[in-house]
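Listed here are the chains, written in short residue letters.
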Amino acid sequence: MTEVRPDEAASASLWERDEEVTAVLRAVDTLCADRSSSGGLLVVQGEAGLGKTALLAEIRRLAQQRGCTVWSARGGEILKSVPFNVVRQLLQPALMSLMPEEAREYLGDWYDIAGPALGIAEPGARQADPQGVCDGLVAAVRRLAKREWPLVLLIDDAHWADEETVRWLAAFAERLDDLSVLVVVARRTGEASGDSARRLDAVAAAAGVSTLSALTPEATAGLTRATLGPHADAPFCREVWAVTGGNPYETVELLAKVQDSELEPVEAQAGELRALNRSARGGGLVARLEELGIDATRFAWAAAILGTDISVDLVARLATMGREDAVRCAELLRGARILTKPDPATSHGDDGDLEFVHPLIATAVYNSIPDALRTAMHGIAAQVVSDSGLGAAAASRHLLQVHPDDDEELVEQLRKAAREHLAVGAPDAARRCLERALLEPPTPEVHARVLYELGCAALLTAPATTIEHLQRALGMPGLDGDTRVDAVWRLSQAMLHNNQLEEAVRTVEAEAARHEPGPTRLRLQAVQYMWEGLHAGETGSPDRSERLAELAARCTGRDNAERALLILRGFDAMTRGENAEEIIEVCDRALVNGRLAPGFGWTDTEWGIELLLMLAGAYAYCDRLDRAEALYTEALRTYEIAGWSGGHLALAHAYVGLGHRRRGRLREAEAALRESLRLAERVGRGLPLYWTASCNLVDTLLARGHVEEAWEVAERYGFTPPYPATILIPDPRCVRGRLLLAVGRTKDGINELEAAEKAAAARGHHNPVMVPWAADLARALATEDPARAGRLAADNRRQAERFGTDTAIGEALRCAAALETGQRAVRLAAQAVTYLEASPCQYEHAAARVEYGIASRSVAELDRGLALARSCGADGLVAQARQVLESGRGLR
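Residues numbered from 1 in each chain as written. Predicted model: local features only at pLDDT ≥ 70, side-chain atom pairs only at ≥ 80, totals over all residues. Heavy atoms only, no water.

J.: Can you help me understand the overall build of the protein chain in this one?
T.: Helices and strands together make up the secondary structure of the protein chain, namely 44 helices and eight strands. Out of the 892 residues belonging to the protein chain, those deemed buried represent 57%. Partitioning the intrachain contacts of the protein chain with sequence separation of at least 6 by distance along the chain shows that 67% fall at a separation of at least 24. As displayed, the protein chain has an accessible area near 36500 Å², and 49% of this comes from carbon and sulfur atoms. Measuring between centres, the 99 positive side-chain charges of the protein chain sit 6 Å from its 128 negative side-chain charges. (Helix = DSSP H or I, 4+ residues; strand = E, 2+ residues; numbered from the N terminus. Buried < 20%, exposed > 50% of the residue type's maximum accessible area, 1.4 Å probe, protein only. Contact = heavy atoms within 4.5 Å. Areas by Shrake-Rupley, 256 points an atom, 1.4 Å probe, with all protein chains shown as cover. Lys, Arg positive; Asp, Glu negative; His and termini not counted. Charge placed at Lys NZ, Arg CZ, Asp CG, Glu CD.)

What follows is the structure, given as C-alpha cells:
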C-alpha cells in the first residue's frame, strides 16, 4: 500500500498506484536521457472515478520536476461532435504563443494544411483532405517536439475525444519510434464505439497499459484516517469501503460529506454513510444542486450545456442572469464542489474560467436538465456562440441538438457549418450537420441541394452513402444546370469507388440523353466513355471504339470536353494495340503547349484524376516514358503540396512506381510501391488503388527476381481473384499468371494466362506490352505444346509490329528467340537487343542482353547484360548472368 501522510488526503487517487507511478518515472527518465531517444506511449484505463485524472496530474508533476515540457488536453462527453477539439487543446496554446511567422516556420509546408484544423490559420478555398490534415498534425507535433524537448503529451478522457483527434492519435502512435515524445492516454474502457473504439484499441495494443483497480479495504481505511483523523474506527472505515466499493473519487466525495456534516467517524455513525453517499452522486447530486436555489441550478445547467470555455460572462448570457448574480452562483457551486477553478497548470483559458470538479458531475448535471429545456438552451447557446464571433462550425454542436421546426435559417446555418468543417478536413462533422439539416426539413427549393452537398461531403469517406444521397437529389426538383451535371459526375465517381462501374456508365449515359448536342452533352459523353474505358468486364460494346474514334476525329482540342475525348481515344487505341505514333499524336492534341490544360490539374474536381492517369498510361506504353513520368511526378508533387495524403497520394506513388518499373529502375519502383501500399492500407483494402499498388509491386519484385517475396506480398495483400471491375495497369491476370509460373505452379499459371487471353479478347485489348499474356503463355507451353507456343509467339509478334514500339517488338522477338535453338535463336535474340537498346525500358534491355549472351555464348554480351542488370536492381538476372560466366563452358 502507498504510504501517505494525513495532509496528503487530496492525493487519494494515488493510493496503491506505486506500480503505475514507477512505470511513468521509467518512461520519463528514458525520454530525458537523450534527444535521440525513441518516444513512449502509456495508456491508463479503468472505470470512472478510479483516479485516472489524478494519475495524469502526478505524471505532470513528475515530468515538470525533471524539466519536461507538458501539454495536456481532455475529451468531453458532450463535445465529441466538435472536430479537432482535443488536439486543439493540446497544441493550440503552444502555437498561439508563437508569432505567426514563427508558427509558419515551425510547421513549414504543413502550416496551410494543419493550421486551419488547429485554429491558427484561415482555411483555403478547396476542401481539405482528411488524411492530409491528419498527417499535417503528426508533422506539427514532430516539429514542435524538437523545439520543446523533452515533451510529454497528456490526453485525459480519450474515450470522449472527437473522431478527428482519435484518428490523429492513432497515426501519431504508429510513428513514435522516431519521435522523442512521451504520450500518456487515459480512457474508460467500453465507452467509445465504432472507428474511435477500434483506433483507441490499436493505440492501447501498441502501448504499455495500466489498468486501474478499486482501492482495497486497507487503503480505504488509510485514506479515511488521513482525511478524518486517526480516531476513525475500523467498522466505520470498513463501511466507507463497502459503500463506495473502493472507488477513489466516490471515497473522497463521501469523506468530504462526512466532514461537512460533522459526522463522527465511529461505528455508531456508520449507518449514515449510505445516505450521504447518495447525496454525492446521481439523484442525490441533483437534489443537492436544487438546495442551492433556482439561480445556481440554472447556472450549473448552462455550464453543462457549454461543456468547455465555461466563463462567468458566457454562462450568464446563456442563463439570462446579471453578472452579479452569476458571480454569486459560481461561488455557491464552487463551495458545493460542483464547479471549480481549473488547475493553472492545465488551464488554457482566462482567469474567470470554470470547470466541473469531475466528469461524472458534469454528466449528472447535464442529464438532469429537462429535455425540452435542454434543447432550448442548446438553441440559445448556438446564438451566444455565433454572436461571440466563433463561427457557424463552433455553434453547430448546439444546433445538432435543437428539435426540427421547419426553420430555414437553421438549415442555412448548418450548411454554412458544414462548409467550414469541410474546409478544415472534417467531413464527418460536415455530414452530421447536413444530415441534421435534412431533418428540419429544408424547403422544397433547397432540399435537393442539401442532399447534393451531403453526397459531396461523404464522397471521400463513404461512397455507398454518397450514392444514396446523390440519387435522391437527382430525383428531386432543385438541381439544374452545372450543379446537376456535377452531381451526376460525382455520383458516377462514387459508383466507381464502390465497384459499381456498370451502374456508373448507365447513369452518365442516361443523363447525356437528356441534353441537346453541345458542350454539356459532350462532357457527359466523355465521362461515359471514360468509365467504359476503365471497365474490366467480360464483354464490351463492339462499336464503342468506332464511335469514340469518330467523335475524337472531329475534336480539335478547343475545350476540355474535346481534350477529354482525345485522351480517351488515345487510351482506348493504346489498349487495343493500334499504331503507337498515331496514339501519341492524338494524346499530344489534348495538351496545351505540351502541358495539361487549365481545369485538368491533379486537384481539379471537374474531371477527376482518372482521365489524367489514362493519358499518362497511354504515353507510358507507347514508349513516351518522359511524358508519362512528368505527369506522374507532377501528380505526386501536387498532392504533397496540397496535403492530399489519402487515396490520391497512394495512387500517385503507385504510378510513380509504375514509371520507375517501365524505365527499369526497379529499386526505386519497389520503394514507391511499398509507400503506395502503406498509404492504401489507411484508405481501405479492396479499392482499385489498392489493387494497383499490390499488382505493380508483385510485378516489380518478379522483375527483380525476388520470387518468394513477390508471393508473400501477393498472399499478404490479397492479390488473388476475383479481380476488381476496373482496368488495372499492368493486367493483374498476366502478373498473377507469371507469379504462379515463377513459384512452380505451372498448370495454375497457364490457366491464369488463358483467363487473361479470354478477358483481353472480350475487351478488344490487344496491346502485347500492357497485356503480355501471349509471351508468357508461349514460354510456359514451349515443352508440352510447342506448336501452340509457336502460333502464340507469331501472333504476338504481329500484334507488336502493328503497335510499332521498340519495346513491343523487342519483347516479341525475345519470346520468339526463347522458343528457338541454334543460330535462329541467336539471330532473334540479337534483333531483340537491337530494338530494346532503343527502348526506354532498361530492364527488358538487360534481360535481352543476358539472353543473347547465353544464346551466343558471348562473354562480352553477358558482361554488358550483367552491368545493365545491376544498374536496374534485377538481382535474378545478375545471378543468371554470373552463373553462366562462372561456369565458363563454351563461352568465347
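Having put the structure on the table, let's press on.
J.: Any chance you could explain the pairing of strand 4 (residues 181-187) here in plain terms?
T.: Every regular strand shows the same layout, with side chains that alternate between the two sheet faces. In terms of burial, strand 4 is largely enclosed, as seven of its seven residues are buried. Side chains Val-181, Val-183, Val-185 and Arg-187 project from strand 4 onto one buried face, and the interleaved Leu-182, Val-184 and Ala-186 project onto a second face that is buried too. Bridging between strand 1 (residues 40-45) and strand 4 involves six bridges; their strand directions are parallel. The residue of strand 4 that forms the bridge with Leu-41 is Val-183. Pairing of strand 3 (residues 151-156) with strand 4, which is carried by five bridges, proceeds in the parallel orientation. Bridging from a neighbouring strand, Leu-154 pairs with Val-184 of strand 4. A crossover links strand 3 with its parallel partner strand 4, the connecting element being helix 7 (residues 163-174), and its sense is right-handed. (Pairing = 2+ DSSP bridges. Right-handed = clockwise from strand over helix to strand, strands pointing away.)

J.: Please explain the sheet that holds strand 8 (residues 353-356) as it appears in this structure.
T.: Each strand in a sheet pairs with its neighbour through backbone hydrogen bonds, running either in the same direction (parallel) or in the opposite one (antiparallel). On the basis of which strands lie adjacent, the open sheet formed by three strands has the order 6-8-7 and antiparallel pairing. The strands lining the two open edges of the sheet, one partner per strand, are strand 6 (310-311) and strand 7 (339-340). In this sheet, strand 8 lies alongside strand 7 in antiparallel orientation, the contact comprising two bridges. Across the sheet, residue Leu-339 finds its bridge partner in strand 8, namely Phe-356.

J.: Would you mind showing me how to read the nonpolar core here?
T.: It is characteristic of soluble globular proteins that their nonpolar side chains tend to be buried jointly. Within the largest apolar cluster, 166 residues are counted, with the highest numbers of intra-cluster contacts made by Trp-531 and Trp-773. The greatest single-element share of this core, amounting to ten residues, is contributed by helix 30 (residues 610-621). Once residues within four sequence positions are removed from consideration, Trp-773 is found in contact with Cys-734, Leu-753, Ala-756, Glu-757, Ala-760 and Leu-792. Counting 54 residues, the second-largest nonpolar core is a separate cluster that includes Trp-71, Leu-91, Ala-140 and Ala-158. (Core = buried A, V, L, I, M, F, W, Y, C linked by side-chain atoms within 4.5 Å.)

J.: In this structure, what is going on with the state of the cysteines? I would like to understand it.
T.: Disulfides are covalent bonds that link the sulfur atoms of two cysteine residues. All told, the structure shown has zero disulfides when counted by the stated rule. Here Cys-433 stays free of any disulfide, with the sulfur of Cys-456 as its closest cysteine sulfur at 15 Å. (Disulfide = S-S within 2.5 Å.)

J.: Got a minute to help me understand the side chain of Glu-511 in this structure?
T.: Turning to its location among the elements, Glu-511 is positioned in helix 25 (residues 501-513). A polar contact is formed between the side chain of Glu-511 and the side chain of Arg-514, at a distance of 2.9 Å. Not counting residues up to four positions away in its chain, the partners in contact with Glu-511 are Arg-484, Val-488 and Leu-524. (Polar contact = N/O pair within 3.5 Å; in protein donor to acceptor, adjacent residues only side chain to side chain.)

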